[in-house]
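Structural description and commentary
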Amino acid sequence: MKCLLLLMCVVAAGGALYDNANKVCKDLLAEHSPAAEANDDCVADNSKDTCDNCMYSKNCAGDKFCCPYLKKCVNSTDRCYFPIANCNPVCYDSNDPTSCSCSESDFPNKWVKCTNDPSTYAYYGEKKSSVQVSYSRNENSVGALKETDDMAEGALCNHNILRAAAGLSPVQWNECLAKFAKDYAEELQAKNCELEHSDGSRRVKLCGFNYVGENLYNFSISSGIDDKTKKDAGWIATQAWWDELADYVYAMNTDGSPGGFDECGTRNEHGPIGHLTQVMWSTTTHIGCDQALCGNNAHVVVCVYGEGGNYENTPAFSLEARNLLNASPEAAPHGGLPTCTDGGPSNNDGIYTTTPQPTTTTTTTSGESTTGDIPPGGDGKCMLKGGQECKFPVKTPWGDQTDCNFFNQFGYSTKYCYQFVYNGLVYVDECDLSDPDCA
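These remarks concern the structure in this document. (Residues numbered from 1 in each chain as written. Predicted model: local features only at pLDDT ≥ 70, side-chain atom pairs only at ≥ 80, totals over all residues. Heavy atoms only, no water.)

**Some remarks on helix 3 (residues 175–189)**
Think of an α-helix as turning once every 3.6 residues; residues three or four places apart then point the same way. As a reminder, the rule being used: Going along the chain from the N terminus, every DSSP run of H or I of four or more residues is numbered as a helix, and every run of E of two or more is numbered as a strand. Expected span of a helix, by definition, is 1.5 Å for each gap between consecutive residues, and there is one gap fewer than residues. Three labels apply to residues, based on accessible area from a 1.4 Å probe with only protein chains included: buried if under 20% of the type maximum, exposed if over 50%, partly exposed otherwise in between. Contacts are assigned to residue pairs that have any heavy atoms within 4.5 Å of one another. Distance and chemistry together define a polar contact, namely a pair of N or O atoms within 3.5 Å, with one atom able to donate a hydrogen and the other to accept it when in protein, and with adjacent residues in sequence counting only for side-chain atoms on both sides.
Given a rise of 1.5 Å per residue, 15 residues ought to cover 21 Å, and the 21 Å separating the end C-alpha atoms of helix 3 matches this to within 8%. Those residues of helix 3 that fall on the buried side of the exposure criterion are Leu177, Ala178, Phe180, Ala181, Lys182, Tyr184, Ala185 and Leu188. Buried residues along helix 3 sit against strand 7 (172–173), strand 8 (204–206), strand 9 (209–220), strand 11 (286–294) and strand 12 (298–306). Put simply, Asn174 is the residue that caps the front of helix 3, since its side-chain oxygen is 2.9 Å from the backbone nitrogen of Cys176.

**Some points on the nonpolar core**
How we decide: Definition of nonpolar core: a set of buried residues of the types Ala, Val, Leu, Ile, Met, Phe, Trp, Tyr and Cys, connected through side-chain atoms within 4.5 Å.
Within the largest apolar cluster, 46 residues are counted, with the highest numbers of intra-cluster contacts made by Tyr248, Met280, Phe317 and Leu325. Every element with two or more residues in this core is listed here: helix 1 (23–31), helix 2 (150–164), helix 4 (227–242), strand 10 (250–252), helix 5 (274–279), strand 11, strand 12 and helix 6 (319–326). Tallying contributions element by element places helix 2 first for this core, with seven residues. With sequence-adjacent residues up to four places away left out, Tyr248 is seen in contact with Phe261, Arg267, Ile273, Leu276, Thr277, Ala316, Phe317, Leu337 and Pro338. Ranked by size, the runner-up nonpolar core spans 18 residues in total, among them Ala185, Ala298, Val302 and Val304.

**Remarks on the state of the cysteines**
We count it as follows: Any two cysteine sulfur atoms lying within 2.5 Å of each other are counted as a disulfide.
Summed over all chains, the structure comprises 13 disulfides. In this model, Cys60 is linked to Cys73 through a disulfide, with the two sulfur atoms separated by 2.0 Å. Taking the torsion about the S-S bond as the criterion, the Cys60 to Cys73 disulfide, at about -80 degrees, is left-handed. A residue pair is termed long-range when its members are at least 10 positions apart, and Cys60 in the loop between strand 2 (38–39) and strand 3 (65–66) and Cys73 in strand 4 (residues 73–74) qualify at 13 residues. Looking at Cys60, the relative accessible area reads 2%, which means it is buried. Since its relative accessible area comes to 0%, Cys73 is described here as buried. The partner cysteine of Cys404 in its disulfide is Cys431, sulfur to sulfur 2.1 Å. Here Cys404 and Cys431 share a disulfide; its torsion about the S-S bond, -90 degrees, makes the bridge left-handed.

See below:
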């Protein structure tokens, strides 16, 4: 596998009560990182060397990082041998290892050996804790959540951490909005938590705002909604809305000005992106949220926003904010934020659109070939020199790759197959030109 070097900017932001500088928010961010849920204390930081199995880059020594495709410690010149985790889509440090799609059967719980006892492996899953999480509502006199309620803090912190990635002002809690959210969550409770927005007329001139926006989220689990789920509901719902960024394309007009928030098609055709744009609406200053249970196994979350967003022909945020978000580490796993022009297709100008420059990181198989004298080809599969198949079409930050000639547009004569992007590096593998299916 080869590595194409690109540059990435990192954005720092801060400045309000429940923002990413606040201790409550820092603690919540650490609590909700995948590493916090893994029983991997037996793996010392900086303890894994070249091509050792890893789960996070902190496991790797020196300048190496944990490759999200191989899940091995590498730098830009290392050569590693199978087995590899073979994660597709790739499994970043920020992903929960138990939810990653990796074809190696030993991944994740027989993958990373403990530092002091190599005969045992780190376990990734729900941390077995002796501390029982409890949650009780912190309400005002009319039953609306106060901003110091655990669920409210989760919603505020995650909104503001994500808004900071675009340089947007943090939102504050509004107990009037929280009362509306509580009342409407209870209405949805009576409908078995089916998601149906409240009538927009009810949110006009509400709580001192001209118009109030609304996001909904529901969740069910067979083992039941416990106190931890209730406590985490504000954070988790916000994250689900934010993850629509993977589909979002920022609209531009021909004259270079921003277009309406929904004028572009989505990137992956998964559905609407209005929850994300409401979370990130630049003129929103206050939110209020609540939740309600539907039986023992499901709940619904309602957050409402003043001022509301998602106005027709209006951008969610400025072009300057888009540029910050596009270059932010929060947006990097989603390929940044590309634009479209006049409602056309994506311009493929996310963060990873600098002309790639190759370095050499190669993955190969060890041992003898099992194919004997049978030449590759004729089976419709383009095989790579690393031993994997390039499954066309391959989605890249520059559009779909349909054959091995894709990188010729950047001036390369070598035939590459795109793999993934990580920390500003674009990883490719080389097509095996002895395979006629790669021609």
